[in-house]
Amino acid sequence: MTGRHLLSGPEPDPARDAGHAEPPPRVGFFTDTSVCIGCKACEVACKEWNAIPEDGLSLTGMSYDNTQGLGASTWRHVAFIEQQTPAPDGRTQLPVLDGQFTSPSEPDGVAGQSAPPGEAGELRWLMSSDVCKHCTHAACLDVCPTGSLFRTEFGTVVVQEDICNGCGYCVPACPYGVIEQRPGDGRAFKCTLCYDRLGAGQEPACAKACPTQSIQFGPLEELRERAALRVGQLRESGVAGARLYGHEDHDGVGGDGAFFLLLDEPEVYGLPPAPVVTTRDLPAMWKHAGTAALALLGGMAASFALPAIARRRYSR
């Protein structure tokens, strides 16, 4: 399949497919959310290195998250998800003063009993540093009319801000809602995976700044092997909800260049459960459009030809 410009399906070497003759191994991010502490060092490092304008100076009032999501001026976003785990057997226990509780399962909601250890649902924080996925099949790149978006020799997807004309086609094309136009500017911006640092043999600023190695950078195949081992370790230790997201090369986007280890369903983290590259059906759509155009032309030709034939016959 190498050498073909595919819009969907497995693609082992997107950089070579993009025209790079001898590309280095594809690199990317593996984000292990199980060790993310929500320090936002990645957000700060990203903004400082890439000179991104400030945003998100006011809290939302819903959590400690002040940037709310990825955008033109937020290329790394740390999500804070406060989650109440369910009590055993679906029971809900309501804590009151002095460590006592009422239970709806008791008649008349009898109070005054101490909650048995481990019976009540526990509160936990799910934290995750989100970023552009650098998809194998990047719809934003496919629809860009100016060539502002391009595939690098490292397999990443980068926006050239001096070529972007602000058309905005890439914004609805992204299945993850990552790329965005900057207000007052109109041009689109997103994570470049620190393309300038990669060219100098350095790792991206966010991975460099992460104190817990929640954000890991390296060759993509190596990261996938490391992630599979990590999921196995977590499940053996009792974390049944541990799963990988975006690592499969046969998913709807051909696999992500930035994938994640999650502790719950993707929707909990604000991620689509089954993303699909929005340009996947373009060949079939053009085929149907061509068939419809031919049928229309045939109908128009017939509408002119049949009356002419009828008049000729009548004149005889």
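A few points on the structure. These figures come from a predicted structure and were not determined experimentally.

A closer look at the overall build of the protein
Reasoning step 1: Counting its regular elements, the protein contains eight helices and 13 strands.
Reasoning step 2: When contacts within the protein are restricted to residue pairs at least 6 apart in sequence, long-range pairs at least 24 apart make up 63% of them.
Reasoning step 3: Summed over its atoms, the accessible surface of the protein is roughly 17,300 Å², and 56% of this surface lies on carbon and sulfur atoms.

Concerning the environment of alanine 227
Reasoning step 1: Position of alanine 227 among the secondary structure elements: in helix 7 (residues 220-236).
Reasoning step 2: Along the primary structure alanine 227 and glutamine 216 are separated by eleven residues, whereas in three dimensions their C-alpha atoms are 10.0 Å apart.
Reasoning step 3: Ignoring sequence-local partners within four residues, the contact set of alanine 227 consists of Phe30, Leu244 and Phe259.

Thoughts on helix 7
Reasoning step 1: Here helix 7 spans 25 Å end to end across 17 residues, near enough to the 24 Å set by a 1.5 Å rise per residue.
Reasoning step 2: For helix 7, the elements touching its buried residues are strand 1 (27-32), strand 11 (215-219), strand 12 (243-245) and strand 13 (258-262).
Reasoning step 3: Glycine 238 sits one or two positions beyond helix 7 and adopts a positive phi of about 105°.

Quick word on the environment of valine 27
Reasoning step 1: Relative to the assigned elements, valine 27 resides in strand 1.
Reasoning step 2: In this structure valine 27 comes out as buried when scored by relative accessible area, which is 11%.
Reasoning step 3: Remark: the alpha-carbon pair of valine 27 and leucine 223, spanning 196 residues in sequence, is separated by 8.8 Å.
Reasoning step 4: Ignoring anything within four residues of it in the chain, the contact list for valine 27 reads Phe154, Thr156, Leu198, Phe217, Gly218, Pro219, Leu220 and Gly257.

Remarks on the environment of serine 63
Reasoning step 1: Note that serine 63 resides in the loop between helix 2 (41-50) and strand 2 (76-84).
Reasoning step 2: For the pair serine 63 and isoleucine 81, spaced 18 residues apart in sequence, the C-alpha separation works out to 7.7 Å.

Some details on the pairing of strand 13
Reasoning step 1: With five of its five residues buried, strand 13 lies for the most part within the structure.
Reasoning step 2: Relative to strand 13, strand 12 runs antiparallel, the two being bridged by three bridges. Its bridge partner lying in strand 13, arginine 243 is registered against leucine 262.

Observations regarding the side chain of serine 129
Reasoning step 1: Locating serine 129 in the fold gives a position in strand 6 (residues 123-131).
Reasoning step 2: Overall, the relative accessible area of 2% leaves serine 129 in the buried class.
Reasoning step 3: Once residues lying within four places of it in the same chain are set aside, the contact partners of serine 129 are Thr31, Cys36, Cys42, Arg76, His77, Val78, Ile215 and Phe260.

Describing the nonpolar core
Reasoning step 1: Phe29, Leu149 and Leu261 are the most contacted members of the largest nonpolar core, which totals 60 residues.
Reasoning step 2: Residues within four places of leucine 149 in sequence aside, it is in contact with Cys140, Leu141, Cys144, Val157, Val158, Val159, Cys170, Ile179 and Lys190.

Description of unusual backbone geometry
With the exception of glycine, most residues fall at negative phi, and the peptide bonds are largely trans.
Reasoning step 1: The phi angle at leucine 193 is positive, at roughly 55°, despite the residue not being glycine.
Reasoning step 2: Counting through the fold element by element, leucine 193 comes out in the loop between strand 10 (188-189) and helix 5 (195-199).
Reasoning step 3: If you check the backbone angles, glutamine 213 has positive phi at about 60° while not being a glycine.
Reasoning step 4: Overall, glutamine 213 belongs to the exposed group, its relative accessible area being 59%.

Structural notes on a nonpolar patch on the surface
Reasoning step 1: A surface patch of nonpolar side chains, amounting to about 590 Å² of accessible area, comprises Leu294, Leu296, Leu297, Met300 and Phe304.
Reasoning step 2: Following the sequence through the fold, leucine 296 ends up in helix 8 (residues 282-315).
Reasoning step 3: For leucine 296, a relative accessible area of 56% puts it in the exposed group.

Cut-offs and rules
- Residues numbered from 1 in each chain as written.
- Predicted model: local features only at pLDDT ≥ 70, side-chain atom pairs only at ≥ 80, totals over all residues.
- Heavy atoms only, no water.
- Helix = DSSP H or I, 4+ residues; strand = E, 2+ residues; numbered from the N terminus.
- Contact = heavy atoms within 4.5 Å.
- Areas by Shrake-Rupley, 256 points an atom, 1.4 Å probe, with all protein chains shown as cover.
- Expected span 1.5 Å × (residues − 1).
- Buried < 20%, exposed > 50% of the residue type's maximum accessible area, 1.4 Å probe, protein only.
- Pairing = 2+ DSSP bridges.
- Core = buried A, V, L, I, M, F, W, Y, C linked by side-chain atoms within 4.5 Å.
- Patch = residues over 30% accessible without salt bridge, like charges linked within 9 Å, V, L, I, M, F, W, Y side chains within 5 Å.
- Salt bridge = Lys/Arg side-chain N within 4 Å of Asp/Glu carboxyl O.

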